[in-house]
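Below are the chains, spelled out letter by letter.
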Amino acid sequence: MGLAKRIIPCLDVKDGETVKGTNFVNLRPAGDPVELGKAYSVQGADELVFLDITASFEGRKTFTEMVTRVAQEINIPFTVGGGINELADVERLLYAGADKVSINSAAIRHPELIDEIASRFGSQVCVCAIDARLDEDGIPAGTSTHSLWHCYLKGGRERTERGLFEWAHEVQERGAGEILFTSMNHDGTKNGYANEALRELADSLSIPIIASGGAGKMEHFRDVFLEGHADAALAASVFHFGEIPVPQLKQYLANEGINVRL
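A.B. asks: I would appreciate a short explanation of helix 5 (residues 112-121) in the present structure.
C.D. replies: An α-helix turns once every 3.6 residues. As a result, residues three or four positions apart point the same way. By the burial criterion, the buried members of helix 5 are Leu113, Ile114, Ile117 and Ala118. End-on view of helix 5: buried residues confined to an arc of 130°, all on one side of the axis. On its buried face, helix 5 is in contact with helix 3 (87-96), strand 6 (100-103), helix 4 (105-109), strand 7 (126-134) and helix 6 (164-174). The first or second residue beyond helix 5 is Gly122, which carries a positive phi of 100°.

A.B. asks: Any chance you could explain unusual backbone geometry here in plain terms?
C.D. replies: Among all residues save glycine, negative phi is the norm, and among peptide bonds the norm is trans. A positive phi angle, near 55°, is found at Asp15, a position not held by glycine. By the secondary structure assignment, Asp15 is in the loop between strand 1 (6-14) and strand 2 (17-22). By relative accessible area, which is 62% here, Asp15 ends up exposed. The phi dihedral of His229 is positive, around 55°, even though this residue is not glycine. Considering the arrangement of structural elements, one finds His229 in the loop between helix 8 (218-226) and strand 12 (232-235).

A.B. asks: Could you clarify how one ought to interpret the environment of Glu219 in this entry?
C.D. replies: Position of Glu219 relative to the elements: it lies in helix 8. Glu219 gets classed as partly exposed once you look at its relative accessible area, which sits at 30%.

A.B. asks: Explain the packing of aromatic side chains to me, please; I cannot follow it from the model alone.
C.D. replies: When we look at a pair of aromatic rings, we describe it by the centre distance and by the angle of the planes. For the structure on display, the rule yields 5 aromatic pairs. Each ring, one from Tyr40 and one from Phe239, has its centre 6.2 Å from the other, and the planes form 65°; the classification is edge-to-face. With Tyr40 in helix 1 (residues 33-43) and Phe239 in helix 9 (residues 237-240), the pair connects residues that are 199 residues apart, well separated along the chain. Residues Tyr40 and Phe239 agree in their burial class; the two are buried. Note on Tyr193 and Phe221: the rings are 5.9 Å apart at their centroids and 75° apart in plane angle, and the pair reads as edge-to-face.

A.B. asks: Would you mind going over the side chain of Ser105 with me for this structure?
C.D. replies: Mapped onto the secondary structure, Ser105 falls in helix 4. When its relative accessible area of 17% is taken as the criterion, Ser105 is described as buried. Once residues within four sequence positions are removed from consideration, Ser105 is found in contact with Leu153 and Lys154.

A.B. asks: How do you make sense of the state of the cysteines when you look at a structure like this?
C.D. replies: As used here, a disulfide is simply a covalent bond connecting the sulfur atoms of two cysteines. According to the stated counting rule, one finds 0 disulfides in the structure shown. In this structure Cys126 is a free cysteine whose sulfur lies 6.2 Å from that of Cys128, the closest cysteine sulfur available. Take Cys126: its relative accessible area is 0%, and that puts it in the buried class. Judged by relative accessible area, Cys128 falls into the buried class, the value being 0%.

A.B. asks: Help me understand the environment of Gly188 in this model?
C.D. replies: Assignment of secondary structure puts Gly188 in the loop between strand 10 (178-183) and helix 7 (195-204). What makes Gly188 partly exposed here is its relative accessible area of 23%. Considering only alpha carbons, one finds Gly188 and Ala235, 47 residues apart in sequence, at a separation of 9.0 Å.

A.B. asks: Help me understand the environment of Glu47, please; the structure alone is not making it clear to me.
C.D. replies: As for its position among the elements, Glu47 is in the loop between helix 1 and strand 4 (48-52). Considered as a pair, Glu47 and Asn75 are 28 residues apart in the sequence and their alpha carbons are 9.4 Å apart. Not counting residues up to four positions away in its chain, the partners in contact with Glu47 are Arg6, Ile7, Ile8, Pro9, Ile76, Pro77, Thr79 and Lys100. Engagement of the side chain of Glu47 in a polar contact is seen with the side chain of Arg6, the distance being 2.8 Å. Here the side chain of Glu47 touches Lys100 through a polar contact of 3.1 Å, side chain to side chain.

Scoring rules and cut-offs
Residues numbered from 1 in each chain as written. Predicted model: local features only at pLDDT ≥ 70, side-chain atom pairs only at ≥ 80, totals over all residues. Heavy atoms only, no water. Buried < 20%, exposed > 50% of the residue type's maximum accessible area, 1.4 Å probe, protein only. Helix = DSSP H or I, 4+ residues; strand = E, 2+ residues; numbered from the N terminus. Arc of directions from axis to C-beta. Contact = heavy atoms within 4.5 Å. Phe/Tyr/Trp six-rings, centres within 6.5 Å; stacked < 30°, edge-to-face > 60°. Disulfide = S-S within 2.5 Å. Polar contact = N/O pair within 3.5 Å; in protein donor to acceptor, adjacent residues only side chain to side chain.

Spelled out as structure tokens, the structure:
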């Protein structure tokens, strides 16, 4: 059966409140992050991800206080990300009670940060988040779509010259423990995950791949495990707004022959 597949609710936090958007914009409120986190823990979620999406200095202070409250209230592992630029940020969040940290823009700008986190705190603490988009104006290498997948910074606002697949391999080599891949084309659309790209990542790398972007119904979770070969599936709005309850989802996946913790 292999390792159990993980279901991970993701909470985007802005000014102390959970929000959710589509294709990274049009944010709407979704509730108190600590209360939501507690509810997911009780429902049987395997892990949680909290992202500080407005990581200004003031936001950081609010977010760190929230991390402390979350750590006091829940008993499942949780990852935090947003505005992590140096080891001091990692230390602050781990000290507040987080199990892992997720780095994105800072990792692309300063790849050695991955090495530093892995050597100081261990690979298991370092989740490298990659926001990528399949861009039609990329330069195709033969028939491959490889070069069309561009990595983005600043919450999807700034395109880089880094390609998804070469960057993912470098991230693994530098010591990241997991990759959280969000397809910007699929984010918030509820049409399913980017299974083709996910499968290529999962099959060519040895570290776990967390899929993000596109969950709309239970079948999408089944497909991301069976077709996308993902190790974990992350989603937000379908959980926050009660469209897919975690216990029912896990029972459905178990019935489909997927190894999950019930």
